[in-house]
Amino acid sequence: MFDVIPPANQPTPSATALLLFDRAMRIRAISPEIVRAAQYLDGLSDNQLAELGINRSDIEDTINRYI
């Protein structure tokens, strides 16, 4: 009898799904760039990494996570 009108400030479920999908695809698209950056940093010496405040194990974990 009455039409349900969703609140104006909340997206519809299909719009929410589309936003989540878009966000996931953007994250996936940047993962090769993350791996390249981590591989570059992995080539630095331990002293250079320490100057940047980065642990080598963090780099290795990042590479493993995105490959």
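Calculation rules
In this convention, every chain numbers its residues from 1, walking through the sequence in written order. Under the rules for a predicted model, residues below a pLDDT of 70 receive no local features and side-chain atom pairs below 80 are neither given nor counted, while totals for whole chains, interfaces and linings still include all residues. Computation of side-chain values covers all heavy atoms of the structure but excludes hydrogens and water. Starting at the N terminus, helices and strands are each numbered in turn, a helix being any DSSP run of H or I of at least four residues and a strand any DSSP run of E of at least two. Relative accessibility thresholds used throughout: buried, under 20% of the residue-type maximum; exposed, over 50%; partly exposed, between the two (1.4 Å probe, protein chains only). Method for areas: the Shrake-Rupley scheme with a 1.4 Å probe, in which residue coverage is limited to the protein chains shown. Residues belong to one nonpolar core when they are buried, are Ala, Val, Leu, Ile, Met, Phe, Trp, Tyr or Cys, and are joined through side-chain atoms within 4.5 Å. Any two residues whose heavy atoms approach within 4.5 Å are treated as being in contact. Basic side-chain nitrogens of Lys or Arg form a salt bridge, by our definition, when they fall within 4 Å of a carboxyl oxygen of Asp or Glu. Predictor confidence is given residue by residue as pLDDT, running from a minimum of 0 to a maximum of 100.

### A few points about the overall build of the protein chain
Now for step 1: When its secondary structure is counted, the protein chain shows three helices and zero strands.
Now for step 2: Listing each helix as α and each strand as β along the protein chain from the N terminus yields α-α-α.
Now for step 3: Residue burial in the protein chain is summarised as follows: out of 67 residues, 12% are buried.
Now for step 4: Roughly 5,900 Å² of accessible area belongs to the protein chain as shown, and the carbon and sulfur atoms make up 58% of that amount.

### Some points on the nonpolar core
Now for step 1: Membership of the largest hydrophobic core is limited to five residues, which are A38, L44, L49, I59 and I63.
Now for step 2: Ignoring anything within four residues of it in the chain, the contact list for I59 reads A38, L41, D42, L49 and I54.

### Looking at the pattern of salt bridges
Now for step 1: Following the criterion strictly, the structure yields two salt bridges and no others.
Now for step 2: Here D46 and R56 are joined by a salt bridge, their closest N and O atoms 2.8 Å apart. Taken together, the positions of D46 in helix 2 (residues 46–52) and R56 in helix 3 (residues 56–66) put the pair ten residues apart, joining distant regions of the chain.
Now for step 3: The exposure class assigned to R56 is partly exposed, which follows from its relative accessible area of 23%.
Now for step 4: Salt bridges sharing common partners tie together D42, D46 and R56.

### Things to note about the confidence of the model for the protein chain
Now for step 1: Averaged over the protein chain, the pLDDT score is 79; the fraction of residues at 70 or greater is 81%.
Now for step 2: Taken element by element, the protein chain is modelled with least confidence in helix 1 (residues 13–42), mean pLDDT 80, and with most confidence in helix 2, mean pLDDT 90.

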